[in-house]
Amino acid sequence: MTPSPGSDDAVQPGREHHGATGRADGDAVAGSAASAGAVGATSTRATTSARADGATSTRATTASDPGPHGHAHGDLPLPPAEARRARVVLAALVLPLLLATVVGLLALWPRGETPVGSFELTSAGMTIETAEVVEITDAVGEEVRAELLTGVGQGQVVPVQVPPEVLSSGVDVGDRLRLMFTPSALGSGSPYVFWDFERTTPVVALALLYAVVVLLVARWRGLAAMAGLAASLAVVVLFVLPALMLGSPPLLVALVGSSAMMFVSVYLAHGVSIRTTTALLGTFLGLAATTALALWGTRSAQLTGATSDSSLMLVGTFPGLDLRDLLLCGIVIAGLGALNDVTITQASAVWELHAADPTMPRRRLLTRGMRIGRDHIASTVYTLAFAYVGTALPVLLVAGLFDRPFGDTLMAGEIAEEIVRTLVSSVGLVLAIPATTAIAAALVRTARPGR
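Residues numbered from 1 in each chain as written. Predicted model: local features only at pLDDT ≥ 70, side-chain atom pairs only at ≥ 80, totals over all residues. Heavy atoms only, no water.

Some details on the overall build of the protein chain
Across its full length, the protein chain holds 14 helices and 7 strands. For the protein chain, the proportion of contacts with a sequence separation of at least 24, taken over those separated by at least 6, is 67%. By element, 65% of the accessible surface of the protein chain is carried by carbon and sulfur atoms, the whole surface being about 23800 Å². (Helix = DSSP H or I, 4+ residues; strand = E, 2+ residues; numbered from the N terminus. Contact = heavy atoms within 4.5 Å. Areas by Shrake-Rupley, 256 points an atom, 1.4 Å probe, with all protein chains shown as cover.)

Things to note about helix α5 (residues 250-270)
Since one α-helical turn is 3.6 residues long, residues separated by three or four positions face the same way. Here α5 spans 29 Å end to end across 21 residues, near enough to the 30 Å set by a 1.5 Å rise per residue. Within α5, 15 of the 21 residues are buried, which leaves the element mostly enclosed by the surrounding structure. G271 sits one or two residues past α5 and shows a positive phi near 80 degrees. (Expected span 1.5 Å × (residues − 1). Buried < 20%, exposed > 50% of the residue type's maximum accessible area, 1.4 Å probe, protein only.)

A closer look at the packing of aromatic side chains
Considering all chains together, one arrives at 5 aromatic pairs under this definition. Look at W109 and F239: their rings are 5.7 Å apart centre to centre, the planes differ by 20 degrees, and that puts the pair in the stacked class. Taken together, the positions of W109 in the loop between α2 (80-108) and β3 (127-139) and F239 in helix α4 (residues 200-245) put the pair 130 residues apart, joining distant regions of the chain. The class of F239 is buried, set by a relative accessible area of 0%. One aromatic cluster is present, formed by F263, Y267 and F284 through successive ring pairs. (Phe/Tyr/Trp six-rings, centres within 6.5 Å; stacked < 30°, edge-to-face > 60°.)

Digging into the pairing of strand β5 (residues 157-160)
Burial along β5 is one-sided: V158 and V160 are buried, and none of V157 and P159, which face the opposite way, are. Relative to β5, strand β4 (residues 142-148) runs antiparallel, the two being bridged by 4 bridges. Considered in β5, the bridge of R145 is made with P159. (Pairing = 2+ DSSP bridges.)

Regarding the side chain of T291
Checked against the element boundaries, T291 lands in helix α6 (residues 274-300). The buried category is assigned to T291, whose relative accessible area is 10%. Here L287 takes part through its backbone oxygen, which lies 2.8 Å from a polar atom of the side chain of T291. Once you skip the residues sitting within four places of it in the chain, T291 turns out to touch L251, L255, L328 and V332. (Polar contact = N/O pair within 3.5 Å; in protein donor to acceptor, adjacent residues only side chain to side chain.)

Thoughts on the pairing of β4
In this sheet, β4 lies alongside β3 in antiparallel orientation, the contact comprising 6 bridges. In the strand pairing of β4, A131 is matched with L148. Where β3 folds back on β4, the antiparallel hairpin that results is connected by 2 residues, among which G141 adopts a positive phi of roughly 85 degrees.

Quick look at the nonpolar core
Across soluble globular proteins, you tend to see nonpolar side chains buried next to one another. Core analysis: the largest hydrophobic core is formed by 49 residues, its most contacted members being F239, V253, L280, W351 and L365. Sorting the residues of this core by element identifies α2, α4, α5, α6, α8 (323-334), α9 (336-356), α10 (362-380) and α14 (413-443) as the ones contributing at least two each. With near-sequence residues (within four places) excluded, L280 lies in contact with V94, M262, F263, V266 and Y267. Counting residues in each nonpolar core, the second largest holds 15 residues, with A131, L148, V166 and L177 among its members. (Core = buried A, V, L, I, M, F, W, Y, C linked by side-chain atoms within 4.5 Å.)

Right, dumping it as structure tokens:
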């Protein structure tokens, strides 16, 4: 029986082909080998699930008749004694981490008034209004004419000053703009000046499309994943940002915030189970490696974090803020998503291999799991690098204008920061795979042949 693609206990297709050799030791039933070499053959797998009342039921299914529920949600099909042992060991390891996270949140949680929202967006008397473009004039200082949709002049058509770089990027009739209105300029000058585009409608439409696609493909599991994402973002908005603004140590804030985000996102998206808890431990180890390397890398490479206008503004606003620590905080948080991805997949692979052949020795299980892990490493080793190149094209273009050696270009502050960020996150990502595999392999109890 081949687990369905969205199930908890499914090994991702294409990652376990090394183990599907059709040997008599049972490796061929792992992952997708049933679809690769068992066409037309009948295979039987006993699925044992422990119920809440302590009763145990065993259901045999065949490849030709997988039954109405061909895969399990939650814990993987393990004998009750083995499942109980794994839960005890995992709880002993995870509960102290959870307790430390809760204590950290209580100790560092922002109290009283925070600087969030303390700065006025505009000067006194100025307002931000919305308007719709009705004409492109190209006249200097009055490049477009727009109908006001908000404010005291709602319904009026007014001239709007638009910067040349914005106009050349494409402003068309029907576009909605956000305008800065300066009442004192009514007598002279341009009272309405381009502020930004009004993009609420398309962004909301994309968000709804994203939610619909996730729900259609992943169903309730997709809804749970989106809930985990929302909870993680809430940790950033309600804890990480205010705590940093109040002067809490950035590294501690990053570690506590990252831990909280891991707990809520992993358990909300995948449920509380042996598999997800194994993955969570692997993620913690990867996060620890990322933090240690980021601390060494930012210090040894003399990265200042002061390579952008936003950084300089932060220095002026929060004099006690260390930009190097802020950079370190960003590196730690940035690696979380990819870490969760690889650890969940790897934990699923190892437990599936064990469930398919409970007699497989731990050493062999570790070897088989790492074969799958190496495939995952090969496909993720360039993920973070491509993500940086895609978002930093303007910086790379500007850096390429200067006549200097290629090595000097890469060592320029702004680019070197991203190189260190990418390398550190990638190392943590790669190390999380053998760590998760080893944890999962250590937790299993190998059955004696014939039992």
